[in-house]
Number of protein chains: 2
Amino acid sequence: MKMLALPFAALALAAAAGASPPRARTPGEIVAAAPAADWVTIAADDLIVMDLAPDRDGNGRCIVIQLIPPPFSEGWVGNIRTPAAAHWWDGTSVNRVQDNYVVQWGDANGEDKAKAKRLPSSVFNGLPQEYSMGISYACMSEPCKPGPVHERRMPFRDSYVAEVGFSSGWPVAGKIDEGSSTHDSEVWPVHCYGMVGVGRDMPPDTGTGAELYTVIGHAPRHLDRNIALVGRVIAGIEHLSSLPRGTGPLGFYEKPGQRVPIVSVRLGGEVAGLARYQFLSTESASFADYADARANRRDAFFIQPAGGADICNIPVPVRAEP
Amino acid sequence: MKMLALPFAALALAAAAGASPPRARTPGEIVAAAPAADWVTIAADDLIVMDLAPDRDGNGRCIVIQLIPPPFSEGWVGNIRTPAAAHWWDGTSVNRVQDNYVVQWGDANGEDKAKAKRLPSSVFNGLPQEYSMGISYACMSEPCKPGPVHERRMPFRDSYVAEVGFSSGWPVAGKIDEGSSTHDSEVWPVHCYGMVGVGRDMPPDTGTGAELYTVIGHAPRHLDRNIALVGRVIAGIEHLSSLPRGTGPLGFYEKPGQRVPIVSVRLGGEVAGLARYQFLSTESASFADYADARANRRDAFFIQPAGGADICNIPVPVRAEP
């Protein structure tokens, strides 16, 4: 890891000695070379496995979602575990596919009280609007030890807020009180491609988590702090993003026959033979190199490094353990 | 238009008088209310109409692309008009669909000199790398009259460069020399969802324009100034974004049978009965209101206005003339 942390220094030395600098690695090459210790295994019960009905050629369509860890969206994530354990989503459907926006699934009759599928009684309704979290980080050293948002604070700007970064593997935004000795922060996850959120109606309704969506287009960051984010698709998103677009308002399918049946939704712990999924630790030197390479492509194809990247253009690498 | 330009003032007056402020309009409502004068009609010969083979249910798949106007990418746009007029793309195919990235089309045998389809001789190869344009704006008044990038300079930040804005209906980024009396600028179009670019190999190859792609995911802004942007899809992008993802490297289809046949590509002037497409002038008051509403949603659903928007989250409205 020490070697990976020093690419700039190595380049500078090579140049000083008159040698030609080594060819810059692509982001993919950096990720492929990351040592095993830089990968974090995701607990099976923090995964949700959703099987759609096979496609017209009989191919399976399995989607794997990682639930977001505390302190984010804990009420909703708790809620979601209950219908998943109860197999409540089995027989529901994908009901909405809006181009460059979202795919949404759940009970197609959810809006109709007479027909709606009954949720397990332990699912909470009317959860508080905890769309962001107040977090304090103690200063353990001078300068302050970086807290979650500071861990990988990007040297780049964001179009929406003062701070963006990665917290324990997730893209987050926040407002940090630099003057405070405890680094008081308000932090929230952001709507990047593949993030999963909780459909809701107007405030103060906050949604139960029974109606979910994922982002299949340019990051709709205006939804940040307006809807709860509960996870992200880590495998199989192409089975959602390539679905036919709905032609009704907001991309809802107009005919019931167009909806895509959900065969089953399970917590990962229930799924025999599920791959062990891992994400690249956002605190690792490999990730720092990867993020830098995303922002400043120096590999052969590129003429002009961007000199920056928005946080949703630095997707956190995920893999099935080799 | 004057009334539309004063939403903040109107709100402030209402609040001062103790009246409840009018309900804020959604971006869609603002666009729907834009007067006819705020819409710019696109010349038919600045459109490219691409028909894919019908889908499995026999539905047509028509995609309409608007070519980018001067001064951007003029060499490539000129090149593209030639094979379009010669019907050169007829019988080629969509060959690559990479999730959250691009769809690419052209001659599937283009890499193989023996099999490649011959381009019209007037198509230039080895175009200069004019990925950005130097533009000067004369100061006609004090303060300087806003030039194209300044016309709608966003009060928001960009993760990549100093300046982003809209120039004659297109999203652009730039570096502007504020100190210069002529506002010397380097300006380039940016890779938002739906933008169309020219596939190329390694530098100094710049591509002819025979191989094209469009963005179907989060804006890959690292491609800005590395590849020529020649237009944007203004209708039918769902026929590209919902295609099955390719399973080969970079999302190329592995089997020839998976490629999606292109039946025809025509300049708009050749297509009988083509709708008259219009975009909302980015210099109009309606657009300013729309962009502001995209960045600060105040309509009923939203609890927390974002306070900003990245340029690719402010898509320029396009319509078929009613």
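Starting from 1, residues in each chain are numbered consecutively following that chain's sequence as written. Chain labels run from A onward and ligand labels from 1 onward, assigned in the order the entries are written. Totals for whole chains, interfaces and linings use every residue, but because this is a predicted model, local features are given only for residues with pLDDT of at least 70 and side-chain atom pairs only at 80 or more, for both listing and counting. For the side-chain quantities, the full set of heavy atoms in the structure was used; hydrogens and water were omitted.

Overview of the pairing of strand E11 (residues 212-215) of chain A
Residue and element names in this part refer to chain A. Alternating residues of E11 divide into Leu 212 and Thr 214 and Tyr 213 and Val 215, and every residue in both groups is buried. DSSP calls a pair of strands paired once it identifies at least 2 bridges connecting them. Elements are defined by DSSP. Helices are runs of H or I of four residues or more, strands are runs of E of two residues or more, and each kind is numbered from the N terminus. The pairing of strand E5 (residues 102-106) with E11 spans 4 bridges and is classified as antiparallel. The residue of E11 that forms the bridge with Val 103 is Thr 214. Here 3 bridges tie strand E10 (residues 195-198) to E11, and the two strands are oriented antiparallel to one another. Considered in E11, the bridge of Val 198 is made with Leu 212. Buried means the residue's accessible area, taken with a 1.4 Å probe over protein chains only, is under 20% of the maximum for its type, while exposed means over 50%, and partly exposed covers the values in between.

Quick notes on the side chain of Asn226(B)
Mapped onto the secondary structure, Asn226(B) falls in the loop between strand E11 (212-215) and strand E12 (229-235). Counted as a polar contact is a pair of N or O atoms within 3.5 Å, where, for protein atoms, one must be capable of donating a hydrogen and the other of accepting one, and residues adjacent in sequence contribute only when both atoms are in side chains. A polar side-chain atom of Asn226(B) sits 3.0 Å from the main-chain carbonyl oxygen of His222(B). Note on definitions: a residue-residue contact is assigned when non-hydrogen atoms from the two residues lie within 4.5 Å. Not counting chain neighbours up to four residues away, the residues in contact with Asn226(B) comprise Phe302(A), Ile303(A), Gln304(A), Tyr131(B) and Arg200(B).

As for the interface of chain B and chain A
Across the contact, 48 residues belong to chain B and 48 residues belong to chain A. Taken over both partners, the interface formed by chain B and chain A buries close to 4400 Å², and the fraction arising from carbon and sulfur atoms is 51%. By buried area we mean the combined loss of accessible area, with a 1.4 Å probe, across both parts when two parts are placed together. When the buried surface of chain B facing chain A is broken down by residue, Arg157(B), His218(B) and Phe301(B) rank first, second and third, together holding 17% of it. By definition here, a salt bridge exists when the distance from a side-chain nitrogen of Lys or Arg to a carboxyl oxygen of Asp or Glu is within 4 Å. At the surface where chain B touches chain A, the tally comes to 2 salt bridges. Arg56(B) serves as the salt-bridge partner of Asp57(A), at 3.1 Å between the closest nitrogen and oxygen. We call Asp, Glu, Lys and Arg charged. Ala, Val, Leu, Ile, Met, Phe, Trp, Tyr, Cys and Pro are nonpolar, and the rest, Gly among them, are polar. When grouped by side-chain class, the residues that make up the side of chain B that touches chain A number 22 nonpolar, 12 polar and 14 charged.

Some details on the state of the cysteines
All names here are of chain A. Any two cysteine sulfur atoms lying within 2.5 Å of each other are counted as a disulfide. Evaluation of the coordinates by the stated rule reveals 2 disulfides over all chains. With a sulfur-sulfur separation of 2.0 Å, Cys 192 is cross-linked through a disulfide to Cys 312. A torsion of -75° about the S-S bond marks the disulfide between Cys 192 and Cys 312 as left-handed. With a gap of 120 residues between them, Cys 192 in the loop between strand E9 (185-189) and E10 and Cys 312 in the loop between helix H6 (285-295) and strand E15 (318-320) connect regions that are remote in the sequence. Across the pair, Cys 312 and Cys 192 agree in class, each one buried.

A closer look at the packing of aromatic side chains
Paired rings are identified among Phe, Tyr and Trp, the last through its six-membered ring, by centres lying within 6.5 Å, and are further divided according to the angle between planes into stacked (under 30 degrees), edge-to-face (over 60) and tilted (the rest). Evaluation of the coordinates by the stated rule reveals 10 aromatic pairs over all chains. Pairing Trp76(A) with Tyr131(A) gives two aromatic rings, centres 5.5 Å apart and planes at 15°, and the pair type is stacked. Separated by 55 residues along the polypeptide, Trp76(A) in helix H3 (residues 74-85) and Tyr131(A) in the loop between E5 and strand E6 (133-135) bring together distant segments of the chain. Classification of Tyr131(A) as buried rests on a relative accessible area of 8%. With a centroid separation of 5.8 Å and 80° between ring planes, the pair formed by Trp88(B) and Trp89(B) is classed as edge-to-face. The exposure class assigned to Trp88(B) is buried, which follows from its relative accessible area of 7%. For Trp89(B), a relative accessible area of 2% gives the class buried. Members of the aromatic cluster, connected to one another through ring pairs, are Phe166(A), Phe287(A) and Tyr290(A). Both a distance and an angle decide whether a charge sits over a ring: NZ of Lys or CZ of Arg must be within 6 Å of the ring centre and within 35 degrees of the ring normal. Directly above the ring of Phe301(A) sits Arg200(B), whose terminal nitrogen or CZ lies 3.8 Å from the centroid. One residue, Arg232(B), lies across the ring of Trp170(B), its end atom 3.9 Å from the ring centre.

Description of the sheet that holds strand E1 (residues 39-41) of chain A
All names here are of chain A. Taken together, 3 strands build an open sheet; the order of strands is E1-E14-E15 and the sheet is antiparallel. Two strands lie at the open edges of the sheet, namely E1 and E15, each paired on one side alone. Geometrically, the sheet is characterised by an average inter-axis angle of 35° between neighbouring strands, direction not taken into account. By the bridge criterion, 3 bridges tie E1 to strand E14 (residues 277-280) in an arrangement that is antiparallel. Each bridged residue has a counterpart across the sheet, and for Val 40 the counterpart in E14 is Phe 279. Axis angles are defined between N-to-C directions and span 0 to 180 degrees, where every axis is a line fitted to C-alpha atoms and, for a helix, only to the segment in contact.

With respect to the environment of Asp205(B)
Residue and element names in this part refer to chain B. Relative to the helices and strands, Asp 205 is located in the loop between strand E10 (195-198) and E11. Judged by relative accessible area, which is 26%, Asp 205 ranks as partly exposed. Each C-alpha atom, one on Asp 205 and one on Gly 231, is 20 Å from the other, the two residues being 26 residues apart in sequence.

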